[in-house]
Structures are given as structure tokens and as C-alpha cells.
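Structure assessment
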There are 2 protein chains.
Amino acid sequence: MKAELVSVGTEILMGQILNTNAQYISQKLAELGVDIYVQTTIGDNHDRLAQCIREGLERADIVILTGGLGPTADDLTKETAADVMGMKLEFDEASLHTLKVRFAAMHKDMTPNNLKQAMFPKDCIIMANPNGTAPGCIMERDGKAVALLPGPPKEMVPMFENHLMPYLQKRSGHILYSRVMRIFGKGESQVEYAIRDLMARQSNPTIAPYAKTGEVTLRVTAQCKDAAEGEALVEPVLAQIQEIVGDVVYATHDEELCEVCVKLLKQAQRTVAVAESCTGGMLSSMLVSVPGCSDCFIEGAVTYSNQAKTARLGVAEKTLAGFGAVSEETAREMAEGLRKTSGADYALSTTGIAGPDGGTADKPVGLVYVGLATPEGTKVAKLSLSGARERIRHIACLNALDMLRRALIEQ
Amino acid sequence: MKAELVSVGTEILMGQILNTNAQYISQKLAELGVDIYVQTTIGDNHDRLAQCIREGLERADIVILTGGLGPTADDLTKETAADVMGMKLEFDEASLHTLKVRFAAMHKDMTPNNLKQAMFPKDCIIMANPNGTAPGCIMERDGKAVALLPGPPKEMVPMFENHLMPYLQKRSGHILYSRVMRIFGKGESQVEYAIRDLMARQSNPTIAPYAKTGEVTLRVTAQCKDAAEGEALVEPVLAQIQEIVGDVVYATHDEELCEVCVKLLKQAQRTVAVAESCTGGMLSSMLVSVPGCSDCFIEGAVTYSNQAKTARLGVAEKTLAGFGAVSEETAREMAEGLRKTSGADYALSTTGIAGPDGGTADKPVGLVYVGLATPEGTKVAKLSLSGARERIRHIACLNALDMLRRALIEQ
């Protein structure tokens, strides 16, 4: 099967947004074994877009478009695709109802231009959008198809996974089964070097590494007839990788580090509290992003000022004066102080210089101390991180979570 | 002047790399006022690439290509472009010399395939590549041009800035100037509906709306001869929009809501503290993402459990038992309690049900109370938000920041 991809949006042509959708969809099509030879980005312009869809349909079995499904006048992807397919847009009652309920829930007035988001060609396949107001759709004619997805990645990705992916799988006659392994504490090139022989030997399943901020992800993907066959192909490969790479593997089912921590805490019936300086709430926020974290997350203290470190955590003024707020000693007292007053079993702490200013020769930007107080004692790790403020804060949080994960596993 | 962009590389089509070059070049072309209507990504395939260049030259004055300039057999961008332009590749003595010197400096042997990187059509403009082995070039014929840049961003960006940019400026004779206005509290369609007449009347500058999670962004862009002329064209349009749309406009220089809050707090020499339940540190984290926030951000308390709400913020057990943790009363006591103990001038609070579980008929997922305690008194807003857990938390934070912004402006 051949596909073409068309990214619609003047804001992409203007360079205002980075087209991550194209990479995401390309990866998914590659995994599905769908060939793709041409990708186009085009503005919100009826004639140019119509020509582009027409040419795509001549060369490929399906043209996948992202963007231009919104309510405004310059959103015209659906109208244009329907023109090319020779179809008329009509109100879809179910979509109209969903749209009204959505606006009512938001306590917002629906303006007339919103209505067009509920219009579709008769007999097209409508793809629900629980994360936005514009549903997607698939229009089919003479064995060819046009699929429309919304532009915002938060809406596009779930719609692709839940609707377009199964559709493509059905058309192509096989499925892809994959599992994602996640690694913290080794770089992408180190991981790739360690498993290079295994990667070279594999054709089904394949192993695809990619890097996320501060961590490495390996996707192991099998082409197969069903999930049971897929699992039988994938599982031994994951086991081999884990044996080679070791305990830096923190998940084999694509879980975030914070999810793994919450799961381990719940299993051990332990609780955690978090004292943050440079990460400023980000570490708490990661834990709270996990549904059901209330079973194990007691509280967080964002003690950004020295005053708050003393008043809330009992860090000694002497420690702050003698060693500074960014020091092993302060990180230790923060974690121990919060562990005591919160009653949590574990307490994490972070203190560091996230930049861009505030660095010195002794304590440069990127210097971060991460502490963990446990019933067995306290550990502090010293980190030298690089990059922008948000990256330094993010990786500091991952280090803290990984310390907690390792303590829970050892325990 | 019109340009087209062609990104060459099978690894982009396969989703193995993210095409950041396209965004970079698009931004630069937009700034230069060079129109770009079509961007294409194509694999390392002679015939498809030749057709793509030919079509591009029919529609545009210049076709800019990135990638495929390397020494390997599948790098064929230069050969293909020369074919389309009817030109022959010959050895360029200066490039050959540079290449030999470079390999000598790297202590590497030059294999025969490296030699092709020193071959160019006679009379083309060669663009030096101090960051790699493959120079770029510009081929001109009949008033049209093809420009070839290397694929790796580290090589492409300096070559664009030092060679192609001056070439394009000379050819186009104008620039684009834009400013970005940001809005919280009205949806994209509402904003666009309110300014539809203004948008329809505008041709220079133009107004382009786009939505981010929970907010709306308007970019106003003028084609002009320099920044001063651009500002003179853009400023009156921004003022007109602000008059129509009102005080939901929170920034006219593309700042985040948290940046605006930190700026206003610093100006007023006021401080803030944050008590979070459902947002779980995200609100603190937004404030801490702003460099220099330590001047005005005192501390955050992530009081996820009822116990922490009582112990850290002094929320009465009676209030929690009588009204529940998610209630106007609790939000009020959280903000007032933290304002008192932290010594901050302002204290924000959030409490709600972020989902996916935990909702009831009375208190559904998405119900959030946001509180603000000020020297003048306390306000609490009740929100009904929709979407996934992270979206609900994010929009709750934006609402809290906007409450603070409004209080600081009124004050």
C-alpha cells in the first residue's frame, strides 16, 4: 500500500510551528509497512490544496492530510477534500450533538462558524476527537481514500492511534505489534552501541531507538497476524536487550518514570513527599500527572526562597550560610526535613542552578543536587547538566525519580 | 519573490529524523518576505526528485533543496539538479583543494566517492561549508535559480546565513515584520468572529489566528522595507484588535501568561505564593520557568492530601468534612492560609478533579476551584473544564495566572 502525506497550514509554511506530525505519521507508516514517497506542506489555499490532493491520489492509495479542520474561515481542508472526491458536506447529527454538549460543558457560546465542524460527506467514516472540537474523517471512492486529521498533535496522535491506524492495518492485511522499552541513565549512542549486533540480526521484529529529553526509548516492532503472535516475537527480544543493557531499563511497557514510581510505591504501600527548589514544582507535577497518585503522594513543598527552606523544611540557617542553597548539605536537610514533618516514607529534594543566570565558576549553571531520604538513610547525588533552563529542570526531576525507583526496587 | 523548498532524504520520509531544516528555512524566508506556497519531502530518487525540481521551477523563482550532497551513492541531489538545469558537473579546482586539505587535517583517507563533492556546474555560485565536506551551490538560468544546501543543520544553518540569505535579500528587496498577541479567556472562533471585519479588510499587515491549549494567539505581519516601517504598520492593528477583543489580551509581544505575571509582580514589587491540589506543582513550575522569578515567587505548597491541606495551610477539618476538598470554601481557606503563613502579598490556590477517575454526579471530572487571596480580600472562581487530565490541570493553571494578572492590573 502507498500513502502520501499532506501537511496543511500557512503557519507551517511560515515556520511558526515545527511539523512534528509529519515525523510521527511517517514513523507509524514505516512501522505499518506502508510506503510513502512524497510529503507535501501546503498553505490554507483551496486551489493549491485541491491540486495537491488530486496528484497524491494519482500516485498513492491513500492521501493523509493534517490540519485545517478548525472552525475558522481559513480552515478549508475538509471542504477541499470533499470537492476533490466529488462529495457534498451535510450536517452529521451525532457530531452536531457532540459539539453542542462540548460547548455547553465549557460554558462557551458556539459561534456560527463552529457549526461547520459537524459537517461531513454522507457515508464517510467519522473519527471522533475527544481532545478537541474538530472530528476527523476518511472519505473513500473507487478504492482510494483521503483521511483528514486535526493539526494539533494532542488531537492528531490519539485519533491516528485509535482510528486511522486500525483502518490502515485492516487495509494492509497485517498488523504491527510493538512494545516500547524505556531507559534512563545511558545515552542513545551508548545503548545503540551495546545492542548493535542484536539490531543488525533483527528483521522481524525490528528495533528502533529514539531519544527523548534525558532518556532513551527502544521500540520493538513485529509484523504479524495478531497480537498473540506479535507478543511471542517481541518478548524474547526485549528480554535479550534487558540482559545486555541492564538495570537502566525502567519500563518495558512504555511507562513514564513517574508512573513506574507510583506503581512501585503502591505495591510497597509506601508514600513519598517532595521538596523542590530549582525544579520548582515540576517533580510534584510529574507525580500528580499519574492518575491515582493520591494513594502514595503526600505533599510537595516548593521552597524556592531560603526563607521557605528554613521555615517549611527546617534547613538550618547555618547550612545555607556555610554551604549555600545549592549544596549537598542543603539537599540532604531538605529531604530529611520534609520526610520528618510530612510523615512520608520517602522524601525527595532538588536544589540547583537552572540558569540562564546565577551561575558562578564554583557553581555553574546546570549544577544540581538531588536528595532522597528513606527509612534507611539519606543519599545525595551531584549532577552536572547542560542545556536550557527547562531541560535542566526536567532532567533533574528524572534523576530524582530514578533514585526513588532504585530505592524501591532494592528495598 | 516566490520560493519552494524541497527536503531530500529517505530518512525523513521514514520518520527517522525530524525535519527542523524546513522550519528554519521557512522562518527565514518569511522574515525576508519571500513567499513560499509548497514544501516537499522526497526520497533519494533521481526521477521523482527531478520532477519535483521541475515543477517547483515552474511555480517559483527559486527552488531551495536540503540534503543529499554527501559522498555516498544515494546522495544525488546535485547531479539531479544539474540535469534539470541542463548543466554538466566539472571539477572545481578550489573546492578540490579545500577537500584535500580538510581530509589531511582529519587524518582520514579520501575515498574516490568523496571527489564528487568537489564537482559543480561551471559558473554556478559555490557556497563554502566550513562545517562539513560538502559545499553548497546556486545554479542560475533564465532568471530562475536552484540552491543546494547540505542536510545536517549544523552545516546548513551557517551556509544559509552566510551565503543564501544575502543572495535572497538582494533579489527580493523587502522584509516581513511581525508581532504576536496572546489572549486568554476567549476561544479561537470567538476571537476570530469578533475581528472578522478587521481581518477581511487587512492585506498588509495580515492577521493570522492560531490556538494553543486554552489560549489564542494572533500574529500580525507586515511586508515592509525595514523594522521601523513594520512597527508603524503593525502597532495600529494590534491596538484596534485590543480595543475590540478587550482585556482578555494579556500580551502584545508573545509572552507567556506566567512571564506577564512575573513582570507585573516585579513592577508592583509584590510577591506570590501558590497552594496547589489538583494542579500538583504545575502552577509553581510555570512561575519557576521564568528566569528571575525568585524576586517575586516565595513558595509553593503542593497539598495533595487533606492532611497536608490542614497541616500546611490551616484548612479547617470541618471545611473539608462539610464541603469537601473540592469546594469553594476549601479553595478560599487554602489561599488565605498560605497567604498568612508565607508572608506573600498574593496567594493562589487550586483544587479540583482532574480525572480520569474520581468524578461524581455532583462533582464531575473537570470541576476546579481557583482561589486568589489578596490584601483586599479573596476571590474564588469555579471552572468546568473538559479533556484529559493534563489538559484540565494546564487550563486550571492558566485560569489561576489570569486571576493574578487581573488583580495586579486593577491594583
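Residues numbered from 1 in each chain as written. Chains lettered and ligands numbered in written order. Predicted model: local features only at pLDDT ≥ 70, side-chain atom pairs only at ≥ 80, totals over all residues.

**A short note on the overall build of chain A**
What counts is decided by this rule: Only DSSP runs of H or I with at least four residues qualify as helices, and only runs of E with at least two residues qualify as strands; both kinds are numbered from the N terminus onward. Field definition: a residue is buried when 20 or more other C-beta atoms are found within 10 Å of its C-beta, exposed when 12 or fewer are, and partly exposed for counts in between, with C-beta atoms placed from the backbone.
Along chain A, the regular secondary structure elements total 15 helices and 17 strands. C-alpha extents for chain A along the principal axes are approximately 75 × 55 × 40 Å. Looking at chain A residue by residue over its 411 residues, the buried ones come to 50%.

**Some details on the pairing of strand β9 (residues 175-184) of chain B**
Residues and elements named next belong to chain B. Just so we agree on the cut-off: Strands were regarded as paired on the criterion that DSSP finds at least two bridges between them.
For β9, the buried fraction is high: seven of the 10 residues fall into the buried class. Bridge count between β9 and strand β11 (residues 215-224): 10 bridges; the pairing is antiparallel. Paired with serine 178 across the strands is threonine 221, a residue of β11. Strand direction decides the pairing type here: β9 and strand β12 (residues 249-251), joined by two bridges, are antiparallel. Bridge pairing links arginine 182 to alanine 251 in β12.

**Regarding the sheet that holds strand β15 (residues 346-352) of chain B**
Defined as follows: Every axis corresponds to a line fitted to the C-alpha atoms, with the helix fit spanning only the stretch in contact, and the corresponding angles, defined between N-to-C directions, vary from 0 to 180 degrees. Here the contact rule is simple: place C-beta atoms from the backbone, and any two residues whose C-beta atoms are within 7 Å are in contact.
Pairing is mixed across the open sheet formed by 10 strands, whose spatial order is β17(A)-β16(A)-β15(A)-β13(A)-β14(A)-β14(B)-β13(B)-β15(B)-β16(B)-β17(B). Two strands bound the open sheet, and with one partner strand each, they are β17 (377-384) of chain A together with β17 (377-384) of chain B. Each strand axis lies, on average, 10° off the axis of its neighbour in the sheet, ignoring direction. Sheet strands in contact with helix α15 (residues 389-410) of chain B are β13 (272-276), β15, β16 (367-374) and β17 of chain B, and its direction is about 25° off that of β16 of chain B.

**Brief notes about the sheet that holds strand β8 (residues 144-149) of chain A**
Strand order in the open sheet formed by 12 strands is β6(A)-β7(A)-β8(A)-β3(A)-β1(A)-β2(A)-β2(B)-β1(B)-β3(B)-β8(B)-β7(B)-β6(B), with mixed pairing between adjacent strands. A strand with exactly one partner marks an edge of an open sheet, and here the two such strands are β6 (125-127) of chain A together with β6 (125-127) of chain B. Neighbouring strand axes in the sheet, compared pairwise and without regard to direction, differ in orientation by 15° on average. Bridge analysis of strand β7 (residues 136-141) of chain B against strand β8 (residues 144-149) of chain B gives five bridges, and the strand direction is antiparallel. Its bridge partner being in β8 of chain B, glutamate 140 of chain B is matched across the sheet by alanine 145 of chain B.

**Some details on the environment of threonine 20 of chain A**
Mapped onto the elements, threonine 20 of chain A comes out in helix α2 (residues 20-32). Threonine 20 of chain A sits 133 residues away from proline 153 of chain A along the chain, and the two C-alpha atoms are 7.8 Å apart. What threonine 20 of chain A contacts, discounting residues up to four positions off in sequence, is Pro153 of chain A together with Leu18 of chain B.

**Let's talk about the interface of chain B and chain A**
Using the following cut-off: Gly falls in the polar group here, along with every residue not listed as nonpolar (Ala, Val, Leu, Ile, Met, Phe, Trp, Tyr, Cys, Pro) or charged (Asp, Glu, Lys, Arg).
Contacts between the two partners involve 60 residues from chain B, matched on the other side by 60 residues from chain A. Sorting the residues of the side of chain B that touches chain A by element identifies α2 (20-32), β2 (35-42), α7 (188-194), β10 (206-212), α11 (282-288), β14 (297-302), α12 (306-313) and α15 of chain B as the ones contributing at least two each. Of the residues that constitute the side of chain B that touches chain A, the class distribution is 26 nonpolar, 25 polar and nine charged. Of the strand pairs in this sheet, strand β2 (residues 35-42) of chain A and β2 of chain B are connected by five bridges, and their pairing is antiparallel. Residue pairing for β2 of chain B: isoleucine 42 of chain A is matched across the bridge by valine 38 of chain B.

**Some words on the packing of helix α10 (residues 257-268) of chain A against helix α15 (residues 389-410) of chain A**
The description of two packed helices rests on the angle between their axes and on the distance between the axes. Residues and elements named next belong to chain A. In plain terms, the rule: Oblique is the label for any angle not covered by the other classes, which are roughly parallel (under 35 degrees), roughly antiparallel (over 145) and roughly perpendicular (65 to 115). Two helices that cross are described as forming a left-handed crossing if the nearer one is turned anticlockwise from the farther one by less than a right angle, and a right-handed crossing if clockwise.
The contact between α10 and α15 brings their axes to 9 Å, and the two run at 30°. With respect to α15, the element α10 is oriented roughly parallel. Where α10 crosses over α15, the two elements pack in a sense that is left-handed. In this structure, α10 contributes Leu257, Cys258, Val260, Cys261, Leu264, Leu265 and Ala268 to the contact, and α15 contributes Leu398, Leu401, Asp402, Leu404, Arg405, Leu408 and Ile409. In the contact of α10 with α15, the residues fall into 12 nonpolar, no polar and two charged.

**Describing helix α6 (residues 153-172) of chain A**
Residue and element names in this part refer to chain A. Test applied: For a helix, the expected span equals 1.5 Å multiplied by the residue count minus one. What the bend at a residue measures is the angle between two axes, fitted to the seven residues ending there and to the seven starting there.
In a regular helix each residue adds 1.5 Å, so 20 residues correspond to 28 Å; α6 covers only 25 Å between its end C-alpha atoms and thus falls short of that length. Remark: the principal bend of α6, roughly 45°, maps to phenylalanine 160. Within the sequence span of α6, burial applies to Glu155, Met156, Met159, Phe160, His163, Leu164 and Leu168. Taken together, the buried residues of α6 touch α2, β3 (62-66), β6, β7 (136-141) and β8.

**Notes on the nonpolar core**
Cut-off, in case you're wondering: Residues of type Ala, Val, Leu, Ile, Met, Phe, Trp, Tyr and Cys that are buried and joined through C-beta atoms within 7 Å form what is called a nonpolar core.
Val272 and Leu404 of chain A together with Val272 and Leu404 of chain B are the most contacted members of the largest nonpolar core, which has 244 residues in total. Those residues in contact with valine 272 of chain A, other than ones at most four positions away along the chain, are Leu265, Cys296, Phe297, Ile298, Ala344, Tyr346, Ala347, Leu348 and Leu404 of chain A.

**Considerations on the pairing of β7 of chain A**
All names here are of chain A. Across three bridges, the pairing between β6 and β7 is antiparallel. The partner of isoleucine 125 across the bridge, within β7, is isoleucine 138. A loop of two residues connects β7 with β8, the two strands running antiparallel in sequence, and aspartate 142 in this loop sits at a positive phi of about 50°.

**A closer look at helix α9 (residues 227-245) of chain B**
Residue and element names in this part refer to chain B. Its 19 residues place the ends of α9 26 Å apart at the C-alpha level, agreeing with the 27 Å of an ideal helix rising 1.5 Å per residue. Buried residues of α9: Gly230, Val234, Val237, Leu238, Ile241 and Val245, and no others. Structurally, α9 contributes buried residues whose contacts are with β9, α7, α8 (196-201), β10, β11 and β12.

**A word on unusual backbone geometry**
Of the consecutive residues glycine 355 of chain A and proline 356 of chain A, the connecting peptide bond is found in the cis state with omega at 0°. Among the secondary structure elements, proline 356 of chain A is positioned in the loop between β15 (346-352) and β16 (367-374). A cis geometry characterises the amide bond from asparagine 204 of chain B onward to proline 205 of chain B, with omega recorded as 5°. Within the secondary structure, proline 205 of chain B sits in the loop between α8 and β10. With a phi angle near 50°, aspartate 142 of chain A is a residue other than glycine that sits in the positive phi range. Relative to the elements of secondary structure, aspartate 142 of chain A occurs in the loop between β7 and β8. With 7 C-beta atoms counted inside 10 Å, the residue aspartate 142 of chain A sits in the exposed group. Of note, aspartate 254 of chain A is a non-glycine position whose phi angle comes to about 60°, a positive value. Within the secondary structure, aspartate 254 of chain A is located in the loop between β12 (249-251) and α10. Owing to 13 C-beta atoms within 10 Å, aspartate 254 of chain A belongs among the partly exposed residues under this scheme.

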